[in-house]
Amino acid sequence: MSMTPLDALLTRYSVGPKHLVEPGPSDAQLALMVQAALRAPDHAELVPYCFKMVRGDAKRGMADLFADAARAAGKDEAGAALDAERALRPPMTVAVVARIDLGHPQVPAHEQWAAVGGAIANFLSAAHALGFAGKMLSGAKVRQPAIAAAFCAPGETLVGWIALGTPARQPGGPARKPEAGQVLIDWHPPCKT
Ligand SMILES: Cc1cc2nc3c(=O)[nH]c(=O)nc-3n(C[C@H](O)[C@H](O)[C@H](O)COP(=O)(O)O)c2cc1C
């Protein structure tokens, strides 16, 4: 039975790299995820982001960067190996890079960040609708100069990485979330004094 679009939105939840197995998405499936990301609201259609696929030999290169960053942060070889493993484990990793135009005449930075968030959410929901799972991850690594420079041009920000693959465990339903009523509230105009 296929999932309705609303089912996909209501049942998506993050699945971490430990629980992701092959297969990862095909090129055609990745293109659908990116098309879904591009449907997110985006003031003035700035597209203030891009997705960088890490696959094949690039995975090893990212693992080396992660290991070097771990050593630079004072971790021992076991810690460096653990960080390298984070790059190698998921079937596929997609780096999310933001390009926020701080001087845009109409669109302030927070609206551009909202577009980035919408794109990430749509990307993950599309992955889920296609039978995959994933998790957006960041951590201090995104600010590590060598890692940031490896993924970003000047002025860009490394938001983090989406680990992607097939979920290995039975879907257990979405993570605990607030009731809708906690975030959907009636607005009232301020009282005139
Ligand atoms: C930009 C961004 C960065 C994130 N970085 C991390 C992270 O480094 N570690 C982590 O455990 N969760 C991180 N999260 C949160 C997870 O991706 C996930 O959304 C959270 O665990 C809630 O699970 P859910 O998506 O099933 O609601 C990040 C989320 C976003 C949007």
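Residues numbered from 1 in each chain as written. Predicted model: local features only at pLDDT ≥ 70, side-chain atom pairs only at ≥ 80, totals over all residues. Heavy atoms only, no water.

Trainee: Could you clarify how one ought to interpret the confidence of the model for the protein in this entry?
Mentor: Atom-level detail of predicted coordinates should not be read off regions where pLDDT is low. Mean pLDDT over the protein works out to 94, with 97% of the residues at or above the 70 mark. Across the assembled chains, the prediction reports ipTM 0.98 with pTM 0.95. (pLDDT = per-residue confidence, 0-100.)

Trainee: Is there a simple way to think about the site of the ligand in this case?
Mentor: Around the ligand, the surrounding shell consists of Arg12, Tyr13, Ser14, Lys135, Met136, Leu137, Ser138, Gly139, Val159, Ala175 and Lys177. Within the side chain of Arg12, an N or O atom sits 2.9 Å from an oxygen atom of the ligand. Compared with its free state, where it exposes 620 Å², the ligand has 57% of that area covered by protein. In terms of residue count, strand β4 (residues 133-137) provides more of the shell around the ligand than any other element does, three residues in total. Among the residues making up the shell around the ligand, the classes are represented as five nonpolar, three polar and three charged. (Near = heavy atom within 4 Å. Polar contact = N/O pair within 3.5 Å; in protein donor to acceptor, adjacent residues only side chain to side chain. Areas by Shrake-Rupley, 256 points an atom, 1.4 Å probe, with all protein chains shown as cover. Helix = DSSP H or I, 4+ residues; strand = E, 2+ residues; numbered from the N terminus. Nonpolar A, V, L, I, M, F, W, Y, C, P; charged D, E, K, R; others polar.)

Trainee: Looking at this structure, I do not really get the UniProt feature "domain: Nitroreductase" (unreviewed entry) in the protein. What am I missing?
Mentor: Sequence positions flagged by UniProt for "domain: Nitroreductase" (unreviewed entry) are, in local numbering, residues 22-165. Helix makes up 47% of residues 22-165 and strand 19%, whereas the separation of the span's terminal C-alpha atoms amounts to 6 Å. (UniProt positions renumbered as here; feature names shortened; annotations may be inferred.)

Trainee: Any chance you could explain unusual backbone geometry here in plain terms?
Mentor: A negative phi holds for most residues other than glycine; trans holds for most peptide bonds. Put simply, Glu22 and Pro23 share a cis peptide bond, and its omega is 0°. With respect to the helices and strands, Pro23 occurs in the loop between β1 (20-21) and α2 (27-38). Notably, Ala44 is not glycine yet its phi reads approximately 65°, a positive angle. Here Ala44 falls in the partly exposed class, since its relative accessible area comes to 41%. Phi is positive for Val47, close to 45°, though the residue is something other than glycine. Positionally, Val47 belongs in the loop between α2 and β2 (49-54). (Buried < 20%, exposed > 50% of the residue type's maximum accessible area, 1.4 Å probe, protein only.)

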